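This is what each chain is made of:
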Amino acid sequence: MASNLARLGVTFGLFLLLCTGLYNDENGVLVTVAKSIVVYVGTCAFFAVTLSAIEAMRVPKMTKEDRQRSRGGPGGVINWRDLGGMQAGNKKVKTGRVFRTGAMPRARNCPAIGRLKLVVDLRMPEEIKQAPDAEIVSENFKQFSFNMSPYQTRGAKVGHPDLNFVRLTRTLLTDPEKFVQVLLLQFIFVFIVVNLRYVMGSETMDECMDIWTEEKGAAPFGEVLKEICNVENHPVAFHCRQGQDRAGLISALYLLLLGVDREKVVHDYLLSNNLTNGKVFVLTSLVRFFWLLQGFLELALELNSKYLKFFRVHERVVNNMFEKLDKKYGHLEPHSKFWSEFIGISEKEIYALREQHLEG
């Protein structure tokens, strides 16, 4: 508490110093304060955007194959890509069959959407309630929930279902009183994230991975894999909220099951950083901006801050998962007990699936 008061005192002192520097007899006090606010806010915005832009530019560039796999997705959706085209030994995963993506509440119709026979939603029921998929993708829909306890205890539920531009505008026109209440909730959300640092770090995703891969039933791996591997459901798309972690893990298991090298599996996992880069740039800029406004210089000016890592996926997380599975099961080849006992897919079924899903 004392350190927060000291920080606010220093911030207020710097603002007064800025006011003093800009003051003259012609402007007067009010004009000087207004100019100082504009300069202070503008400076904060400049540094916030610049630092987040530097982080965004550090994301490795996509390959030609990556760009090809991520084309053709519906408008209004992030992190869409085809899992086909990836090398699996001397064969390749068939294209146009299995897709991974982010949630699709604002998906616009397109050929890719029109062809889908099944959409598998990996979100929790409360997440779906806040942002259900658009009607055009929810006709053939199945939902499987992951145990997200570490994620939930660190603020994943903080927020409000009406916090997007379209809904806010509609609320302003139809119910001004509710509009004010929603804005108040947004302010509380920002206060929690910015001041109390009540955010999910990448270590929390480590905890989730541990639960999913060590506690049988904590994640519906077997059921989901059987749904997306069933050729009668193709083309099929699966997603979580951002299409990064839960969808990333299902994608990794699907590709491993088909015999894709781990290096390529990790590459596909990290591709989410490219396909969400624009959105992450905006979000990290906003968080840094609020930090700077309130004097959290040590947080805002740090590149790759541990408090902003949850916006991206990290190679360490998926490699740690592989390492723990190797240690527990020895390997992840088709005859591993991981597939037969934990996932519920036999060696015979794996080879049969490879016949159906690979070509060349």
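Quick notes on the rules
Residues numbered from 1 in each chain as written. Predicted model: local features only at pLDDT ≥ 70, side-chain atom pairs only at ≥ 80, totals over all residues. Heavy atoms only, no water. Helix = DSSP H or I, 4+ residues; strand = E, 2+ residues; numbered from the N terminus. Buried < 20%, exposed > 50% of the residue type's maximum accessible area, 1.4 Å probe, protein only. Contact = heavy atoms within 4.5 Å. Patch = residues over 30% accessible without salt bridge, like charges linked within 9 Å, V, L, I, M, F, W, Y side chains within 5 Å. Areas by Shrake-Rupley, 256 points an atom, 1.4 Å probe, with all protein chains shown as cover. Salt bridge = Lys/Arg side-chain N within 4 Å of Asp/Glu carboxyl O. Core = buried A, V, L, I, M, F, W, Y, C linked by side-chain atoms within 4.5 Å. Expected span 1.5 Å × (residues − 1). Bend = angle between axes of the 7 residues up to and from the residue. Polar contact = N/O pair within 3.5 Å; in protein donor to acceptor, adjacent residues only side chain to side chain. Axes fitted to C-alpha atoms, helices over the stretch in contact; angles between N-to-C directions. Parallel < 35°, antiparallel > 145°, perpendicular 65-115°, else oblique. Left-handed = near helix turned anticlockwise from the far one by under 90°. Phe/Tyr/Trp six-rings, centres within 6.5 Å; stacked < 30°, edge-to-face > 60°. Lys NZ or Arg CZ within 6 Å of the ring centre and 35° of its normal. Pairing = 2+ DSSP bridges.

Caption draft 1: Region of interest: the overall build of the protein. Check the secondary structure of the protein and you find 17 helices and eight strands. Across the 360 residues of the protein, 45% fall into the buried class. Counted over contacts in the protein with a minimum sequence separation of 6, partners at least 24 positions apart contribute 71%.

Caption draft 2: Representation of a nonpolar patch on the surface in the model. There is a patch of nonpolar side chains on the surface, built from Phe46, Phe47, Leu297 and Leu301 and spanning about 400 Å² of accessible area. The residue Leu297 is located in helix H14 (residues 297–300) in this model. The exposure class assigned to Leu297 is partly exposed, which follows from its relative accessible area of 44%.

Caption draft 3: Geometry of the nonpolar core. Membership of the largest hydrophobic core comes to 55 residues, with the highest contact counts inside it found for Trp212, Phe221, Ile228, Tyr254 and Trp339. For this core, the leading source of residues is helix H11 (residues 246–257), giving nine residues.

Caption draft 4: Representation of helix H12 (residues 262–275) within the structure. Taking 1.5 Å as the rise per residue, H12 with 14 residues should run 20 Å; its terminal C-alpha atoms sit 20 Å apart, in good agreement. Its axis deflected by about 25° at Tyr269, H12 carries its strongest bend there. Taken as a whole, H12 has its buried residues at Val265, Val266, Asp268, Tyr269, Leu271, Ser272 and Asn273.

Caption draft 5: Geometry of the pattern of salt bridges. Tallying each qualifying case throughout the model produces eleven salt bridges. A salt bridge links Lys142 to Glu227, with the shortest nitrogen-to-oxygen separation between them at 2.9 Å. Of this pair, Lys142 sits in strand S6 (residues 141–143) while Glu227 sits in helix H10 (residues 221–229), and the two are 85 residues apart along the sequence. When its relative accessible area of 17% is taken as the criterion, Glu227 is described as buried. A salt bridge links Arg262 to Asp326; the nearest nitrogen and oxygen atoms lie 2.6 Å apart.

Caption draft 6: Representation of the side chain of Thr276 in the model. In this fold, Thr276 is placed in the loop between H12 and helix H13 (277–293). Here the side chain of Thr276 touches Ser272 through a polar contact of 2.7 Å, landing on its backbone oxygen. Setting aside residues no more than four positions away along its own chain, Thr276 makes contact with Ile78, Asn79, Gln242 and Gln244.

Caption draft 7: Highlighting the packing of H11 against H12. Contact pair H11 / H12: the axes reach a minimum separation of 10 Å and the direction vectors enclose 155°. In this view, H11 runs roughly antiparallel relative to H12, as classed from their interaxial angle. In this structure, H11 crosses over H12, and the sense of that crossing is right-handed. On H12, the residues touching Gly248, Ser251, Ala252, Leu255 and Leu256 of H11 are Arg262, Val265, Asp268 and Tyr269.

Caption draft 8: Inspection of the packing of aromatic side chains at higher detail. In the structure shown here, the tally under the stated rule is eight aromatic pairs. Ring geometry for Trp80 versus Phe99: centroids 4.9 Å apart, planes at 25°, classification stacked. One end of the pair, Trp80, is in the loop between helix H3 (64–69) and strand S1 (81–82); the other, Phe99, is in strand S4 (residues 98–101), with 19 residues separating them in the sequence. Phe99 shares its class with Trp80; the two are buried. Ring geometry for Phe338 versus Phe342: centroids 5.7 Å apart, planes at 15°, classification stacked. Of this pair, Phe338 and Phe342 are both found in helix H16 (residues 337–343), four residues apart, which corresponds to roughly one turn of the helix. For Phe342, a relative accessible area of 12% translates into the label buried. What links up through ring pairs into an aromatic cluster is the set Phe146, Trp212, Phe221, Tyr329, Phe338, Trp339 and Phe342. One Lys or Arg, Arg262, reaches over the ring of Phe322 and ends 5.0 Å from the middle of that ring.

Caption draft 9: View of the environment of Leu325. Within the secondary structure, Leu325 is located in helix H15 (residues 315–329). The class for Leu325 is buried, based on a relative accessible area of 2%.

Caption draft 10: Examining the environment of Gly42 more closely. Inspection of the secondary structure assignment puts Gly42 in helix H2 (residues 28–57). Once the C-alpha coordinates of Gly42 and Phe289 are considered, the two residues, 247 residues apart in sequence, prove to be 9.6 Å apart.

Caption draft 11: Geometry of the pairing of S4. Taking every second residue as pointing to the same face, both faces of S4 are buried, with Val98 and Arg100 on one and Phe99 and Thr101 on the other. Inspection of the sheet shows S1 paired to S4 by two bridges, in the antiparallel sense. Bridge pairing in S4 links Arg81 to Arg100. The pairing of S4 with strand S7 (residues 236–239) spans four bridges and is classified as parallel. Across the sheet, the residue bridging to Thr101 is His239, located in S7.

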